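Descriptive analysis of the structure
Residues per chain, in single letters:
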Amino acid sequence: MPTVNVDKEELYTALGRDYTFDEFMDLCFNFGIELEEDTSPKEMAIREVGAHKVDESVSDRPILKIDIPANRYDLLCHEGISRSLLVFQGKATPPVFKAVIPADGKLQKLTVKPETAAIRPFAVAAILRNVKFTELNYKNFIDLQDKLHMNICRKRTLVAIGTHDLDTIQGPFTYEALAPKEIQFVPLNQEKNMNAEELMTFYSNDKHLGKFLPIIKDSPVYPVIYDKNRQVLSLPPIINSNHSKITLDTKNVFIECTATDLTKGKIVLNTMVAMFSEYCAEPFTIEPVEIVYEDNRQPAGVTPDLASRTTTAKVDYINSCTGLKLSPDEICDLLNKMSLEAIPSREDKNEVVVQVPVTRSDVLHQCDIMEDVAIAYGFNNLPHTTPSVSTIGKPYPLNKLADTARVELALAGWSEVSPLTLCSHDENFAFLRQKDPGNIAVRLAHPKTIEYQVVRTSLLPGVLKTLKENKKHSLPIKVFEVGDTAIKDDTQERRSRNVRKVCATYSNKTSGLEQIHGLLDRTLQMLHCQPAEKNGTASGYWIQDSENPTYFPSRSADIYLRQKGETKVIGSFGILHPEVLEKFGLNFPTSAMEFDLEPFL
């Protein structure tokens, strides 16, 4: 859940009264959010670095830390929280947002060039006129952008927000994609003019912006927004131009959002203008901007679209989920407390018609409407009922079997390890002296490091890596793992499947093959599998010499299992080959076994 820091005095002033900590915590809980802490920037800094390192300039103005549901983008700032709480308490009505056309009837235009399709294909924009900024609401304005960037924008990969002083630039605007060296401007809060390639180098070590550079760094073209005079407004998703910087004196704000996901771009723009249009000279008015795609990949239109969405919810569904017996009128009254305008349907007595405002992009289904009814009614007020059906839980059979194997291996004196399920391709194949058949291992499309390239097809590499990190322990070292591997399987919907396996190793000054052999016999017998003759017909297991390249020549065997007349190889054991030990950095003889556990279900 995102945490929003709200100025305590400003919030209580907006709500029209002061609250004790417990009173406001109860109000937040009733509304479906959570008050985490009453603190101050200075107090937080002291806890983090110590009082001796905190500068006197750090503010000690009280703030409230409030946890917000991840899909409630309208609550990521003071404006949204205070407005919603006032409506919830019946002290205000939800605002009505209006799109206002300029007096001359001419809208500002943003033209999207065809080449942007290769990098960030979509753009939306809007204008707030005659805004009155103060230090507090200006800070809220910047904080909301940061919260949106880290939340719905997915760290600017899906959407990037740019805000500009409209009086310093001239429309019409163009959104283009150019080679880095062709883009020249002075970045925000800088004095030196640089091209986009130099900018990437300049901000490579920046703690705030450096993490966003990889989004476009390797692209042959970078997105850029120009005004009529070829003045750069922004280089999304990295930084704005210093030329159009917003200050406390800014009156007219041009907001643009570039996106790889148009729907999320519209949600972000709607949230920005809905929250801060209250500071316009005429509150809750927004000037739309005309968006034109030169290649017609999207129809021309204006943004933002401030119209409410109409949806419906069934009365019996809401009552069955909440355990209540509410009438349509009572449901509508509760929804109005949650800023959702609702009326009973004229066509269906079992239905309510809900107008969803642009601020409530989280409402996607009637279950979301039901949730708001439950919140408005009060979770603590919902009736307690006994379920009409009863069920008895039981362990998943494979997990129960795996736990049984773990217990037996541990009782035999082996210690359990839990390596990672990802490993390098070489560790999974070459280090074990095995060849990759090409149709077994599940590969990661874009691995971040060479250590995590494939999902393991064997437990042995992880166990041996664990041995390497613990080889200073006294000998013998006896470890095991019971866990999942993954192999490709085109017959499955996900085109792969898990295979539960058992793996154990014994390391000492001598190979200890007899120890591993004894552990294998003990484990299989505890799984109710008895030794059987190779040429017989009885169910059971037996071992047979093999030439597995992972093991020392003539010192390995395959494990055969016969069940219901069917025979198959379920695993192997033996003394590990010296080359395998060398690859994993081990300098003592080691014996290992590995077999599939699932046949014993």
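Residues numbered from 1 in each chain as written. Predicted model: local features only at pLDDT ≥ 70, side-chain atom pairs only at ≥ 80, totals over all residues. Heavy atoms only, no water.

1. Focus on the overall build of the protein chain
Helices and strands together make up the secondary structure of the protein chain, namely 15 helices and 29 strands. Taken over C-alpha atoms, the radius of gyration comes to 32 Å for the protein chain, far larger than the 25 Å a tight globule of 601 residues would show. Over its C-alpha atoms, taken along the principal directions, the protein chain stretches across nearly 95 × 65 × 60 Å. Counting over 601 residues, the protein chain shows a buried share of 49%. Of the contacts made within the protein chain by residues no fewer than 6 positions apart, 70% connect residues no fewer than 24 positions apart. Carbon and sulfur atoms form 50% of the exposed surface of the protein chain, whose accessible area is close to 30500 Å². (Helix = DSSP H or I, 4+ residues; strand = E, 2+ residues; numbered from the N terminus. Rg over C-alpha atoms; globule rule 2.2 N^0.38 Å. Buried < 20%, exposed > 50% of the residue type's maximum accessible area, 1.4 Å probe, protein only. Contact = heavy atoms within 4.5 Å. Areas by Shrake-Rupley, 256 points an atom, 1.4 Å probe, with all protein chains shown as cover.)

2. Notes on the packing of helix α5 (residues 135-150) against helix α7 (residues 262-276)
In the contact formed by α5 and α7, the axes pass within 11 Å of each other and the chain directions differ by 165°. Relative to α7, the element α5 is oriented roughly antiparallel. Between α5 and α7 lies a crossing of right-handed hand. Contact residues: α5 offers N137, N140, F141, L144, Q145 and L148, while α7 offers V268, T271, M272, M275 and F276. Per-class residue counts for the contact of α5 with α7 are 7 nonpolar, 4 polar and no charged. (Axes fitted to C-alpha atoms, helices over the stretch in contact; angles between N-to-C directions. Parallel < 35°, antiparallel > 145°, perpendicular 65-115°, else oblique. Left-handed = near helix turned anticlockwise from the far one by under 90°. Nonpolar A, V, L, I, M, F, W, Y, C, P; charged D, E, K, R; others polar.)

3. Description of the pattern of salt bridges
One pass over the structure, following the stated rule, counts 30 salt bridges. Salt-bridge contacts for E287 lead to R129; the nearest nitrogen and oxygen are separated by 2.7 Å. Of this pair, E287 sits in strand β15 (residues 285-293) while R129 sits in the loop between β6 (122-128) and α5, and the two are 158 residues apart along the sequence. In this structure, D348 and K314 form a salt bridge, with 3.0 Å as the shortest nitrogen-oxygen distance. Separated by 34 residues along the polypeptide, D348 in the loop between β18 (341-344) and β19 (351-356) and K314 in strand β17 (residues 309-314) bring together distant segments of the chain. Given the relative accessible area of 25%, D348 is considered partly exposed. Taken together, the shared-partner salt bridges in this structure form one network comprising R72, D74, R360, D362 and D372. (Salt bridge = Lys/Arg side-chain N within 4 Å of Asp/Glu carboxyl O.)

4. Some remarks on the UniProt feature "domain: B5" (unreviewed entry) in the protein chain
Annotation from UniProt places "domain: B5" (unreviewed entry) at residues 306-384. As annotated, residues 306-384 has a helix share of 38% and a strand share of 20%, and its two end C-alpha atoms lie 40 Å apart. (UniProt positions renumbered as here; feature names shortened; annotations may be inferred.)

5. Structural notes on the layout of surface pockets
To locate leftover empty space, one rolls a probe as large as a water molecule over the atoms. Approximately 760 Å³ is the volume found for the largest pocket. Along its surface, the largest pocket is lined by 29 residues, and T457, S458, K501, E594 and D596 are the ones closest to its centre. Counting only elements with at least two residues in the lining of the largest pocket, the list comes to β24 (477-488), β25 (496-507), β27 (551-563), β28 (566-576) and β29 (590-596). It is β28 that provides the largest number of residues to the lining of the largest pocket, a total of 5 residues. (1 Å grid on protein atoms, 1.4 Å probe; cavity = no way out; pocket = protein on both sides within 12 Å on 5 of 7 lines; lining within 4 Å. Points joined across faces, edges and corners; volume = space filled by probe spheres on them.)

6. Re the sheet that holds β18
The strand order β17-β19-β18 describes an open sheet built from 3 strands, whose pairing is antiparallel. With partners counted over all chains shown, the strands left at the sheet margins are β17 and β18, one partner each. Across the sheet, the axes of successive neighbouring strands diverge by a mean angle of 25°, strand direction being ignored. Taken strand by strand, helix α8 (residues 315-322) contacts β17 and β19, and its axis lies near 60° from that of β17. (Pairing = 2+ DSSP bridges.)

7. Thoughts on the packing of helix α9 (residues 328-337) against helix α10 (residues 366-377)
Helix-helix packing is described using two parameters, namely the angle between the two axes and the distance between the axes. Running from N to C, α9 and α10 cross one another at 85°; their axes reach a closest spacing of 8 Å. When the interaxial angle is binned, α9 and α10 end up roughly perpendicular. From α9, I331, L334, L335 and K337 reach across to α10, where they touch I369, D372, V373, A376 and Y377. Classifying every residue of the contact of α9 with α10 by side-chain character gives 7 nonpolar, no polar and 2 charged.

8. With respect to helix α1 (residues 8-15)
Within the sequence span of α1, burial applies to E10, L11, Y12 and L15. Contact partners of the buried residues in α1: β1 (3-7), α2 (21-31), β3 (63-67), α4 (78-88) and α5. At the N-terminal end of α1, a side-chain oxygen is found 3.2 Å from the backbone nitrogen of E9, two or three residues along, and the residue is D7. Where α1 ends, the next residue or the one after it, G16, has phi of about 85°, a positive value. (Polar contact = N/O pair within 3.5 Å; in protein donor to acceptor, adjacent residues only side chain to side chain.)

9. Description of the nonpolar core
In this structure, F24, I66, I81, L110, L128, L148 and F254 are the most contacted members of the largest nonpolar core, which totals 95 residues. Broken down by element, the residue count for this core peaks at 9 residues, all from α7. The contact partners of L110, leaving out residues within four places of it in the chain, are A123, A125, F173, T174, Y175, I225, V289, E290, I291 and V292. Within the second largest apolar cluster, 26 residues are counted, among which are A402, A504, C529 and A557. (Core = buried A, V, L, I, M, F, W, Y, C linked by side-chain atoms within 4.5 Å.)

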